[in-house]
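Structural overview
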Amino acid sequence: MRVERLKLNDFRNYEALDWKPRPGLNVIVGENAQGKTNAVEAIFFCAFGRSHRTPRDAELIRHGMAGGYVGLMLQSQAGARQIEMKLRAGERKQVFIDRLQAQRSGELMGVLNVVMFSPEDLALVKGAPAERRRFIDMELSQLRPKYYYRLQQYNAALKQRNALLRGAPGQEQGAMRAQLYAWDEQLAAAGADVMRMREEFVDMLSTIARDLHRSISGGREQLALSYAPSVDVARYGGDMRAALEEALYASALEDMRRGFTGVGPHRDDLSVRLGDAPVRVFGSQGQQRTAALSLKLSELALLARETGEPPVLLLDDVLSELDEPRQRALLEAMRGCQCFLTCTSLAGLIRAGMQDIPAYACKGGRLEAYSG
Ligand SMILES: Nc1ncnc2c1ncn2[C@@H]1O[C@H](COP(=O)(O)OP(=O)(O)O)[C@@H](O)[C@H]1O
Ligand SMILES: [Mg+2]
């Protein structure tokens, strides 16, 4: 899969850009605050229908402007495709796929597959469970668009259940419980699908991650990933729906007291261990970062395998954060992918023997051929 053309109008600090990136590696070099991340953000935006930096689309419109535009042409095994995002201040964005307006952002899933790797991702393993859930959700949505819809349905039902719980004080307990149970059924149905797909995804990822990590760590470390659902599925013989429904039922009183739903896929985690030890707790910073890199690279390999073509790789400012063996692993994994790599200096790439790669200079919302 590759981006053939990117057009920006009044997007972030780009007034107007019309760029035809190269099929292989695109290095974007520039000082801070020039628009490097903004450029990869625009590509990410077309892939997921949202920015990786903000939930508020209005922030993407160039300051002082009433609207903004991102247009992207791509080439994939499905042929040439086009994604357009039209932003208007105070209105919902409009999404067009191959010139037809999409009714939901979910329709974007799988059209342009990207894997983004930025310095924040290095904390993927160390951070809170929410970050690992986000990682799973994003990747799985690209891989299985159905997942995205199921997750949306789950979240919508969860929101309703929580609203009910929050409105609780004073309400008669019996009446409330009856209403809760009505939501529990929906929640369990959608939630169990979410859980099943997460488990399958983590299983596939774990095999790839184990091999990759062994190679990055020079054969020294054994990385193990597993899905860590928030409910005890084993007790129900693997029946996720029954486990979830039962857990919701059992936590109803507690939920009423605290005013939100305490169990369910929104509390799941991805367990990352070296040998038997959770990396989050026992790993050194270096081990945590290597594990995060392995996760990201596995995701890339898995997407390539499952979709039959390599996704587009976005590497934002991440190379200088890695030591040389890890840089090598990353550069190795990039082969065969179209890649957008941002950096503030070419020193790292030159050290890696890539001095001949043509680069683009990014300055004040412009991209130009780099000339030293
Ligand atoms: N909506 C916007 N309109 C105009 N400029 C913006 C907007 N959002 C961010 N910027 C500007 O973009 C620059 C940051 O761009 P960014 O791509 O994050 O930089 P970097 O090159 O360091 O990755 C800052 O100068 C910021 O003021
Ligand atoms: Mg940046």
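For clarity, every value in this text was computed on a predicted model and none was experimentally measured.

Attention now goes to the packing of helix H2 (residues 129-143) against helix H4 (residues 173-216). Between H2 and H4, the least distance of the axes is 11 Å, while the angle of their chain directions is 90°. Considered as vectors, H2 and H4 are oriented roughly perpendicular to each other. Residues Arg133, Phe135, Ile136, Asp137, Glu139, Leu140 and Leu143 of H2 lie in contact with H4, whose contacting residues are Met197, Arg198, Phe201, Val202, Met204 and Leu205. A breakdown of the residues in the contact of H2 with H4 according to their chemical character gives nine nonpolar, no polar and four charged.

Attention now goes to the site of ligand 1. For ligand 1, the set of nearby residues contains 15 residues, the closest of which are Ala33, Lys36, Thr37, Asn38 and Ile61. A distance of 2.7 Å separates an oxygen atom of ligand 1 from a polar atom in the side chain of Thr37. With respect to ligand 1, the backbone of His63 contributes an N or O atom lying 2.9 Å from a nitrogen atom. Across the complex, the protein chains shield 76% of the 570 Å² of accessible surface that ligand 1 would expose by itself.

On the surface, Lys7, Lys20, Lys86 and Arg99 cluster together into a patch of positive charge. Structurally, the position occupied by Arg99 is in the loop between strand S6 (94-97) and strand S7 (100-101). A relative accessible area of 63% means that Arg99 is categorised as exposed.

We now examine the sheet that holds strand S9 (residues 223-228). Pairing is antiparallel in the open sheet, where three strands are placed in the order S9-S10-S11. The open sheet is flanked by S9 and strand S11 (277-278), the only strands paired with a single partner. Sheet topology note: the S9/strand S10 (residues 269-274) ladder contains six bridges and is antiparallel. Of the residues in S10, the one forming a bridge with Ala228 is Asp269. Sitting on the sheet, H4 touches S9 and S10, and the angle it makes with S9 is about 175°.

Here the focus is the nonpolar core. Residues Leu225, Leu315, Leu330, Met334, Leu341 and Leu349 are the most contacted members of the largest nonpolar core, which totals 71 residues. For this core, the leading source of residues is H4, giving 14 residues. Not counting residues within four places of it along the chain, the set of residues in contact with Leu225 comprises Val202, Leu205, Ser206, Ala209, Leu270, Ser271, Val272 and Leu295. Ala42, Ala102, Met138 and Leu367 belong to the second largest nonpolar core, which has 43 residues in total.

This part covers the pattern of salt bridges. Tallying each qualifying case throughout the model produces 29 salt bridges. Across the salt bridge formed by Asp269 and Arg132, the nearest N and O atoms sit 2.8 Å from each other. Here Arg132 lies in helix H2 and Asp269 lies in strand S10, a separation of 137 residues in the sequence. Of the two residues, Asp269 and Arg132, both sit in the buried class. Taking the shortest distance from any N to any O, the salt bridge between Asp211 and Arg214 comes out at 3.7 Å. In this pair, Asp211 and Arg214 both sit in helix H4, three residues apart, roughly one turn of the helix. Take Asp211: its relative accessible area is 39%, and that puts it in the partly exposed class.

As a further point, take unusual backbone geometry. For Ala33, which is not glycine, the phi torsion reads 60° and is therefore positive. Position of Ala33 relative to the elements: it lies in the loop between strand S3 (25-29) and helix H1 (36-48). For Asp98, which is not glycine, the phi dihedral falls at a positive 50°.

Right, let's talk about the packing of aromatic side chains for a bit. According to the stated counting rule, one finds six aromatic pairs in the structure shown. Taken together, a centroid distance of 4.6 Å and an interplanar angle of 35° make the contact between Phe44 and Phe48 tilted. With Phe44 and Phe48 both in helix H1 and four residues apart, this pair spans about one turn of that helix. The pair Phe44 / Phe48 is uniform in exposure class, with both members buried. Centre to centre, the rings of Tyr148 and Tyr149 are 5.9 Å apart; their planes meet at 80°, and the pair counts as edge-to-face. These aromatic residues form a ring-pair network of at least three members: Trp19, Phe340 and Tyr360. In this structure, Lys86 is placed above the aromatic ring of Phe96, and the distance from its NZ or CZ to the ring centre is 4.3 Å. Here Arg177 stacks its cationic end above the ring of Tyr249, 5.9 Å away from the centre of that ring.

What counts and how
Residues take numbers from 1 onward in each chain, read along the sequence in its written order. Throughout, the order in which chains and ligands are written sets their labels, letters from A for the former and numbers from 1 for the latter. In view of the model being predicted, local features appear only for residues whose pLDDT reaches at least 70, and side-chain atom pairs are presented and counted only at 80 or more, with totals across whole chains, interfaces and linings using the full set of residues. To obtain the side-chain values, all non-hydrogen atoms of the structure were used and water was disregarded. Only the stretch in contact is used when a helix axis is fitted, and all axes are lines through C-alpha atoms; the angle between N-to-C directions ranges over 0 to 180 degrees. Note on conventions: DSSP H or I runs of at least 4 residues are helices, E runs of at least 2 residues are strands, and numbering of each starts at the N terminus. We call two directions roughly parallel when the angle between them is under 35 degrees, roughly antiparallel when it is over 145, roughly perpendicular when it lies between 65 and 115, and oblique otherwise. By the convention used here, residues are in contact when the closest approach between their heavy atoms is within 4.5 Å. Under the scheme applied, nonpolar residues are Ala, Val, Leu, Ile, Met, Phe, Trp, Tyr, Cys and Pro; charged residues are Asp, Glu, Lys and Arg; polar residues are all the others, including Gly. The rule for a residue being near a molecule or strand is that one of its heavy atoms must lie within 4 Å of it. What qualifies as a polar contact is a pair of N or O atoms within 3.5 Å, subject to a donor-acceptor requirement within protein and to the restriction that residues adjacent in sequence count only when both atoms come from side chains. All accessible areas in this document rest on Shrake-Rupley with a 1.4 Å probe, and a residue is counted as covered only by the protein chains that are shown. Note that patches include only residues with greater than 30% relative accessible area and no salt bridge, and the join distances are 9 Å for like charges and 5 Å for nonpolar side chains (Val, Leu, Ile, Met, Phe, Trp, Tyr). Any carboxyl oxygen of Asp or Glu that lies within 4 Å of a side-chain nitrogen of Lys or Arg is treated as forming a salt bridge with it. Residues scored as charged are limited to Lys and Arg (positive) and Asp and Glu (negative), so that His and the chain ends carry no count. One atom stands in for each charge, and that atom is NZ of Lys, CZ of Arg, CG of Asp or CD of Glu. Each residue gets one of three labels from its accessible area relative to the maximum for its type: buried under 20%, exposed over 50%, partly exposed in between, using a 1.4 Å probe on protein chains only. For two strands to pair, DSSP has to find at least two bridges joining them. Nonpolar cores are built from buried Ala, Val, Leu, Ile, Met, Phe, Trp, Tyr and Cys residues. Side-chain atoms within 4.5 Å join them into one set. Classification of ring pairs uses Phe, Tyr and Trp, with its six-membered ring standing for Trp, and accepts pairs whose centres are within 6.5 Å; under 30 degrees between planes counts as stacked, over 60 as edge-to-face, and the remaining range as tilted. The criterion for a charge sitting over a ring is simple: Lys NZ or Arg CZ within 6 Å of the ring centre, and within 35 degrees of the ring normal.

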